[in-house]
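Reading the structure
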Amino acid sequence: MGLEGNILNKEAIEPCLCPESSQTLSVQRVAEADLPTESGDFRIAGYRSLTSDEEFVVLFKGELRPEVPTLVRIHSQCLTGDVFGSTKCDCGPQLHRTMQMIQEEGRGAIVYQQQEGRGIGILNKIRAYALQDKGADTVEANERLGLAVDAREYRQCAEVLFDLGLCQVRVISNNPGKLRALEEAGLKIVERVSIEVASNEFAARYMQTKKEKLGHLLELNAR
């Protein structure tokens, strides 16, 4: 998959011709390298949108083939959870559990979507946190700030998976909105793989809100 010398050449991308997908891509792969991690050895690739200033990162491993149903996750950036280990949400544990699942499987991909705070950005997310400290839930906080409850778009995430050679996927997600978006983009979802990590008192209300107000497919069993 060497791309040296072709980093800015749109012709370098050859989209995967899945039956229901677009024949052209609006994302461009610009760099790729090895990434050894505590969970195992992965490849990391960076993509840029050709229609906006959005950038994407994907971790992947194994032979990715269009006819093989493959574990994938669209993981929305959560600086507070993924990097700082915030216990207000389940994002960091979900990301690291997904990496372990793909390592155990021997093949799979995680598209890391840089749309912090369901698309509101890190500064607005901190403002929303301040409202949550005063009793608002995650949806109410966005609404009080005059922001969308969920401003994310997933089509280009699907295009990253097409570029990797995938057509049939087993999606690690509790979010029905992501599932619908990936199907509408042309991916065949063979299976939804539930991912529910142990919560704590800080994350419990957040996860309850995701289930009740955002429709996430969570069991929230007592632990």
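Going by the structure above, here's the rest.
An account of the accompanying structure is given in this report. (Residues numbered from 1 in each chain as written. Predicted model: local features only at pLDDT ≥ 70, side-chain atom pairs only at ≥ 80, totals over all residues. Heavy atoms only, no water.)

With respect to the sheet that holds strand β3 (residues 55–61)
As summarised here, the arrangement of the seven strands in space is β1-β2-β3-β5-β4-β6-β7, forming an open sheet in which the pairing is mixed. Two strands lie at the open edges of the sheet, namely β1 (27–37) and β7 (188–193), each paired on one side alone. Along the sheet, successive strands turn relative to each other by an average axial angle of 25°, direction set aside. As judged from the three bridges shared by strand β4 (residues 70–76) and strand β6 (residues 168–172), these two strands associate in the parallel manner. Counted as the bridge partner of L71 is R170 from β6. Together, β1, β2 (40–49), β3, β4 and β5 (108–113) form the strand contacts of helix α6 (residues 155–163), whose direction differs from that of β5 by roughly 145°. (Pairing = 2+ DSSP bridges. Helix = DSSP H or I, 4+ residues; strand = E, 2+ residues; numbered from the N terminus. Axes fitted to C-alpha atoms, helices over the stretch in contact; angles between N-to-C directions. Contact = heavy atoms within 4.5 Å.)

What to know about the pairing of β7
Examined bridge by bridge, β6 and β7 share five bridges and lie parallel to one another. Directly across from V171, in β7, lies its bridge partner R192. In this view, the connection linking β6 to its parallel neighbour β7 by way of helix α7 (residues 176–185) has right-handed handedness. (Right-handed = clockwise from strand over helix to strand, strands pointing away.)

Observations concerning the pattern of salt bridges
Scanning the entire structure with this criterion turns up 12 salt bridges. Across the pair K88 and D133 runs a salt bridge whose closest N-O atoms are separated by 3.0 Å. Of this pair, K88 sits in the loop between α1 (79–83) and α2 (91–105) while D133 sits in helix α4 (residues 122–133), placing them 45 residues apart in sequence. Judged by its relative accessible area of 59%, D133 falls in the exposed class. Across the pair E105 and R170 runs a salt bridge, and its minimum N-O distance is 2.8 Å. One end of the pair, E105, is in helix α2; the other, R170, is in strand β6, and 65 residues separate them in sequence. Shared partners join several salt bridges into a network, and the residues in it are R29, E32, D34, R43 and D163. (Salt bridge = Lys/Arg side-chain N within 4 Å of Asp/Glu carboxyl O. Buried < 20%, exposed > 50% of the residue type's maximum accessible area, 1.4 Å probe, protein only.)

Some words on α7
Across the 10 residues that make up α7, a large majority, seven, are buried. Along α7, the positions that sit buried rather than exposed are P176, G177, K178, L179, A181, L182 and A185. Tucked inside the fold, the buried residues of α7 contact β4, α6, β6 and β7. Its side-chain oxygen 2.8 Å from the backbone nitrogen of G177, N175 forms the N-cap of α7. (Polar contact = N/O pair within 3.5 Å; in protein donor to acceptor, adjacent residues only side chain to side chain.)

A few points about the nonpolar core
Counting residues in hydrophobic clusters, the biggest one holds 30 residues, and the most contacted among them are Y47, V58, V111, L161 and L164. Counting residues per element, the ones that place at least two in this core are β2, β3, β4, β5, α6, β6 and α7. With five residues, α6 is the single largest residue contributor to this core. Here V58 is in contact with R43, I44, A45, Y47, A109, I110, V111, V160 and L164, once residues within four sequence places are set aside. Within the second largest apolar cluster, 12 residues are counted, among which are L59, L71, I102 and I195. (Core = buried A, V, L, I, M, F, W, Y, C linked by side-chain atoms within 4.5 Å.)

Examining the side chain of T80
Its location among the elements puts T80 in helix α1. According to the relative accessible area criterion, T80 is buried, its value standing at 12%. Setting aside residues up to four positions removed in sequence, T80 forms contacts with G85, S86, E116, I122, K125 and Y129.

Regarding α2
With 15 residues, α2 extends 21 Å between its outermost C-alpha atoms, agreeing within 8% with the 21 Å of an ideal straight helix rising 1.5 Å per residue. Looking only at α2, the buried set comprises C91, G92, Q94, L95, T98, M99, M101 and I102. Where α2 ends, the next residue or the one after it, G106, has phi of about 90°, a positive value. (Expected span 1.5 Å × (residues − 1).)

Looking at the packing of α6 against α7
At their nearest, the axes of α6 and α7 sit 9 Å apart, and the two run at 60° to each other. Of the possible angle classes, the one that applies to α6 and α7 is oblique. Crossing hand, α6 versus α7: right-handed. Contacts between α6 and α7 pair R155, A158 and F162 from the former with L182, E184 and A185 from the latter. The class makeup of the residues in the contact of α6 with α7 is four nonpolar, no polar and two charged. (Parallel < 35°, antiparallel > 145°, perpendicular 65-115°, else oblique. Left-handed = near helix turned anticlockwise from the far one by under 90°. Nonpolar A, V, L, I, M, F, W, Y, C, P; charged D, E, K, R; others polar.)

Purely spatial values, then, with no claim about function.
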